[in-house]
2 protein chains.
Amino acid sequence: MNPGKQLDRQSRILQAALDLLSRHGISGVNMRAVAREAGVALGLVNYYYEDKSTLIRAALRRIDEDDLMLVTPDPALPPDEQLRQALRRVAGPEYLTTQYLSLRLHLWALAQADEGFALINAAAFERYLQGLATLIGNANPELSGEECRQRAADIVVVQNGMWLTALLGVDRASIQRSIARTEQIAFAAAS
Amino acid sequence: MNPGKQLDRQSRILQAALDLLSRHGISGVNMRAVAREAGVALGLVNYYYEDKSTLIRAALRRIDEDDLMLVTPDPALPPDEQLRQALRRVAGPEYLTTQYLSLRLHLWALAQADEGFALINAAAFERYLQGLATLIGNANPELSGEECRQRAADIVVVQNGMWLTALLGVDRASIQRSIARTEQIAFAAAS
DNA sequence: GTAGGAGTTGAACAAGCGTTCAAGACCCTG
DNA sequence: CAGGGTCTTGAACGCTTGTTCAACTCCTAC
């Protein structure tokens, strides 16, 4: 065994797949291109990922993990700051890059075309929604669980819109105003 | 010449491409599948559309036309009703179908992967934004042009979010609340 | 040192792809 | 009916794709 190198090669292959998907869409992700981009031989891609479908699934799970981290609270902060940070992080420089957004878009499109991918994506969406609802509940203890989920759903709509619209090159100012809108929804007084 | 039938076949081919794109993504759109779906021979697809790329471009333009109609005012209505209708139409039954949304998503993904497609898409986006800004200006004559464009941009963020989130199966109620949010933005008092 | 497993390679295969094209079908005009 | 354009067909081509596999290298355990 050589765990260091094994992980290195395998994750380089996954990273190559993610890069290609982000840059050229699913048509640009073929086993040969992935191997070239990762600097390995063609056969090695099929060695670590049984299928092309397996490789794409792995990529999907990777992105979904990243998304979930957005609503993972920092326990050192008070609840309302945890929520505020989570809402602002979506427009942070590490997420609002063309590469990352493009990747998300292609994975959504993929999930729409393939039922297997759709299940993974739907589960991740549900976890994200639940995570956000929990953050809202912690910051607003007077809200009911149902009200928290409603607000989380409304916020997700705006966030998805920010992501998508950022790709189309809408100005930063509009993104900032949308962030403020999500905070408004999150911290509004109970109705 | 047989213009009726020619148009019939040609548009059936385009429709077949749109259907396949919506259902299976770009990987599902190949000349043979398009021909089969349209009920014509393989060669006819290349007869009407020189290239696969030409076919996809035609599909892109078709969708962009539909989008533009969303902000085309009905001259019989007063300005504020024109705006309100435009904002509500995006959640109407003819637009909020899985088929249409899925198609949009795939076309966005396509535009992200190919520069030529991106140009068409960006131009259509700009026209839509401008159309929406004009509607807002007509309904709120006291607003400056810049303020109208800002509001249009903010509304587009929420609308894009609604479209995308509807695909992930978020509940109708959240969509309705988001519609209300776009109306709030559109009709807010001047700041 | 050597047997054996894990990692790695690229040639080979079958299937699918976009595109071309010679041939035919169809329909109007003279 | 003969001519000629437009429309329509499907076989054929060369290329790319996903997948398989025999061979090879490398490292470790005994």
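Residues numbered from 1 in each chain as written. Chains lettered and ligands numbered in written order. Predicted model: local features only at pLDDT ≥ 70, side-chain atom pairs only at ≥ 80, totals over all residues. Heavy atoms only, no water.

1. Description of the overall build of chain A
- For chain A, the helix and strand inventory stands at nine helices and zero strands.
- Seen in sequence order, chain A has helices and strands lined up from the N terminus as α-α-α-α-α-α-α-α-α.
- For the C-alpha atoms alone, the extent of chain A along its principal axes is close to 60 × 40 × 30 Å.
- Burial status across chain A gives 50% buried among its 191 residues.
- Total accessible area on chain A is roughly 8,800 Å²; 53% of this is exposed by carbon and sulfur atoms.
- Once the 20 positive and 22 negative side-chain charges of chain A are each reduced to a mean point, those two points are 8 Å apart. (Helix = DSSP H or I, 4+ residues; strand = E, 2+ residues; numbered from the N terminus. Buried < 20%, exposed > 50% of the residue type's maximum accessible area, 1.4 Å probe, protein only. Areas by Shrake-Rupley, 256 points an atom, 1.4 Å probe, with all protein chains shown as cover. Lys, Arg positive; Asp, Glu negative; His and termini not counted. Charge placed at Lys NZ, Arg CZ, Asp CG, Glu CD.)

2. Describing the nonpolar core
- By size, the foremost hydrophobic cluster in this structure holds 136 residues, and its most contacted members are A:Val34, A:Leu55, A:Leu132, B:Val34 and B:Leu132.
- With residues up to four places along the chain from it excluded, the contact list for B:Val34 reads B:Ile13, B:Ala16, B:Ala17, B:Leu20, B:Val29, B:Val45 and B:Leu55. (Core = buried A, V, L, I, M, F, W, Y, C linked by side-chain atoms within 4.5 Å. Contact = heavy atoms within 4.5 Å.)

3. Things to note about the pattern of salt bridges
- For the structure shown, the criterion picks out 20 salt bridges over all chains.
- The salt bridge involving A:Arg149 is made with A:Glu126; its shortest N-O contact spans 3.2 Å. Here A:Glu126 lies in helix α7 (residues 115-139) and A:Arg149 lies in helix α8 (residues 145-167), a separation of 23 residues in the sequence.
- Salt-bridge contacts for B:Glu37 lead to B:Arg23; the nearest nitrogen and oxygen are separated by 3.3 Å. With a gap of 14 residues between them, B:Glu37 in helix α2 (residues 31-38) and B:Arg23 in helix α1 (residues 3-24) connect regions that are remote in the sequence.
- A relative accessible area of 41% places B:Arg23 in the partly exposed class.
- Beyond isolated ion pairs, a larger network of salt bridges with shared partners links A:Glu81, A:Arg84, A:Arg88 and A:Glu183. (Salt bridge = Lys/Arg side-chain N within 4 Å of Asp/Glu carboxyl O.)

4. Section: the packing of aromatic side chains
- Overall, the coordinates contain four aromatic pairs over all chains when judged by the stated rule.
- Judged by centre distance (5.1 Å) and plane angle (80°), the rings of A:Tyr95 and A:Tyr100 are edge-to-face.
- Under the relative-accessibility criterion, A:Tyr100 is labelled buried at 8%.
- Here B:Arg84 stacks its cationic end above the ring of B:Phe187, 4.5 Å away from the centre of that ring. (Phe/Tyr/Trp six-rings, centres within 6.5 Å; stacked < 30°, edge-to-face > 60°. Lys NZ or Arg CZ within 6 Å of the ring centre and 35° of its normal.)

5. Considerations on the side chain of A:Thr182
- Residue position: A:Thr182 is located in helix α9 (residues 172-187).
- Setting aside anything within four residues of it in sequence, one finds A:Thr182 in contact with A:Leu87, A:Ile155, A:Val158 and A:Gln159.

6. Some remarks on the interface of chain B and chain A
- Counting from both sides, the interface comprises 35 residues of chain B and, opposite them, 35 residues of chain A.
- Taken together, both faces of the contact between chain B and chain A bury some 3,000 Å²; the carbon and sulfur share is 64%.
- Our enumeration of links across chain B and chain A arrives at four salt bridges.
- A:Asp154 serves as the salt-bridge partner of B:Arg177, at 2.8 Å between the closest nitrogen and oxygen.
- Here the side of chain B that touches chain A gets twelve residues from one element, more than from any other, and that element is helix α8 (residues 145-167) of chain B.
- Tallied by class, residues from the side of chain B that touches chain A come to 16 nonpolar, 14 polar and five charged. (Buried area = accessible area lost by both parts, 1.4 Å probe. Nonpolar A, V, L, I, M, F, W, Y, C, P; charged D, E, K, R; others polar.)

7. With respect to helix α5 (residues 79-89) of chain B
- By the burial criterion, the buried members of α5(B) are B:Gln82, B:Leu83, B:Ala86 and B:Leu87. The buried residues of α5(B) occupy an angular sector of 130° when the element is viewed end-on, so they sit on one face. (Arc of directions from axis to C-beta.)

8. Regarding the domain arrangement of chain A
All names here are of chain A.
- Segmentation of chain A into domains returns domain 1 (1-49) and domain 2 (59-187).
- On the domain 2 side, the residues contacting the eight residues of domain 1 number nine residues.
- Carbon and sulfur atoms make up 67% of the surface buried where domain 1 meets domain 2, a total of about 800 Å² over both sides.
- When the buried area of domain 1 at its contact with domain 2 is split by residue, Leu18, Leu21 and Ser22 rank highest and sum to 59% of it.
- Between domain 1 and domain 2 we count zero salt bridges in total.
- For the pair domain 1 and domain 2, the number of links is three residue pairs in polar contact (both at pLDDT 80 or more).
- Residues that form the side of domain 1 that touches domain 2 fall into these classes: four nonpolar, three polar and one charged. (Domains from an automatic or database assignment. Polar contact = N/O pair within 3.5 Å; in protein donor to acceptor, adjacent residues only side chain to side chain.)

9. Things to note about the relation of the copies chain B and chain A
- Structural alignment of chain B on chain A gives an RMSD of 0.1 Å, achieved by rotating through 180° and translating 0.0 Å along the axis. Here the two chains are linked by the operation of a two-fold rotation axis. Measuring from the rotation axis to each C-alpha of chain B, the shortest distance belongs to B:Gly161, at 1.7 Å. (Least-squares fit on C-alpha atoms with pLDDT ≥ 70 in both.)

10. Overview of the environment of B:Ala180
Residues and elements named next belong to chain B.
- In this structure, Ala180 sits in helix α9 (residues 172-187).
- Look at Ala180 and you get partly exposed, because its relative accessible area is 38%.
- Linking Ala180 and Arg88, residues 92 residues apart in sequence, is a C-alpha distance of 8.8 Å.

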